[in-house]
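# Secondary and tertiary structure notes
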Amino acid sequence: MNPTEAHEVVGHLVVWCQVHDCDLDDVSDADLVKVSEHLTPDVRRVLTVPGALAARKGYGGTAPERVADQITVLRAAVDEHAHWAAGDAS
């Protein structure tokens, strides 16, 4: 499924939850499949904030390992330019 389709399916799920006055984690496996055949029980892993963050593993993504990589790169840049920021132009 491409990202546009996935966005649409999740949109349908959110509307379903609004209509049925429930939270995502209250939706049964059977109701997930009613919303879309793509919503199998394993999709619950990414229907949480930590799961959604961890799923973004691409460059610049929000997965913890990507954020750690970005922090390492930024820390090196800060350390490299610390003397300039301190006013030491030498």
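Structure first, text after, so check above.
Residues numbered from 1 in each chain as written. Predicted model: local features only at pLDDT ≥ 70, side-chain atom pairs only at ≥ 80, totals over all residues. Heavy atoms only, no water.

Here the focus is the overall build of the chain. Across its full length, the chain carries four helices and zero strands. Along the chain direction, N to C, the helices and strands of the chain fall in the order α-α-α-α. For the chain, the C-alpha radius of gyration of 21 Å lies well beyond 12 Å, the compact-globule estimate for 90 residues. When the backbone C-alpha atoms are referred to their principal axes, the chain occupies close to 65 × 25 × 20 Å. Sorting the 90 residues of the chain into buried and exposed places 16% on the buried side. Here the chain contributes 7 positively and 15 negatively charged side chains, and the mean placements of these two sets differ by 4 Å. (Helix = DSSP H or I, 4+ residues; strand = E, 2+ residues; numbered from the N terminus. Rg over C-alpha atoms; globule rule 2.2 N^0.38 Å. Buried < 20%, exposed > 50% of the residue type's maximum accessible area, 1.4 Å probe, protein only. Lys, Arg positive; Asp, Glu negative; His and termini not counted. Charge placed at Lys NZ, Arg CZ, Asp CG, Glu CD.)

A few words on the nonpolar core. Val9, Leu13, Trp16, Cys17, Val27, Leu32, Val35, Leu39 and Val43 form the largest nonpolar core, which has nine residues in total. Looking at this core, the elements with two or more residues in it are α1 (3–19) and α2 (29–35). Examining the composition of this core, we find that four residues originate from one element, α1, more than from any other. Here leucine 32 is in contact with Leu13, Val27, Leu39, Thr40, Pro41, Val43 and Arg44, once residues within four sequence places are set aside. (Core = buried A, V, L, I, M, F, W, Y, C linked by side-chain atoms within 4.5 Å. Contact = heavy atoms within 4.5 Å.)

One non-glycine residue, aspartate 21, lies in positive phi territory at about 50°. Secondary-structure assignment places aspartate 21 in the loop between α1 and α2. On the basis of relative accessible area, aspartate 21 is assigned to the exposed category, the value being 71%.

For the rest of this paragraph, the subject is a negative patch on the surface. A surface patch of like charges, here negative, comprises Asp21, Asp23, Asp25 and Asp26. Position of aspartate 23 relative to the elements: it lies in the loop between α1 and α2. (Patch = residues over 30% accessible without salt bridge, like charges linked within 9 Å, V, L, I, M, F, W, Y side chains within 5 Å. Areas by Shrake-Rupley, 256 points an atom, 1.4 Å probe, with all protein chains shown as cover. Salt bridge = Lys/Arg side-chain N within 4 Å of Asp/Glu carboxyl O.)

The full count for this structure, using the stated rule, is zero disulfides. Free cysteine: cysteine 22, not disulfide-bonded; nearest cysteine sulfur from cysteine 17 at 4.0 Å. (Disulfide = S-S within 2.5 Å.)

Counted by the stated rule, this structure contains four salt bridges. Here arginine 66 makes a salt bridge to aspartate 69, at a shortest N to O gap of 2.6 Å. With arginine 66 and aspartate 69 both in helix α4 (residues 64–85) and three residues apart, the pair spans about one turn of that helix. We classify aspartate 69 as partly exposed; its relative accessible area is 39%.

Without other data, these values stay purely geometric and don't point to any function.
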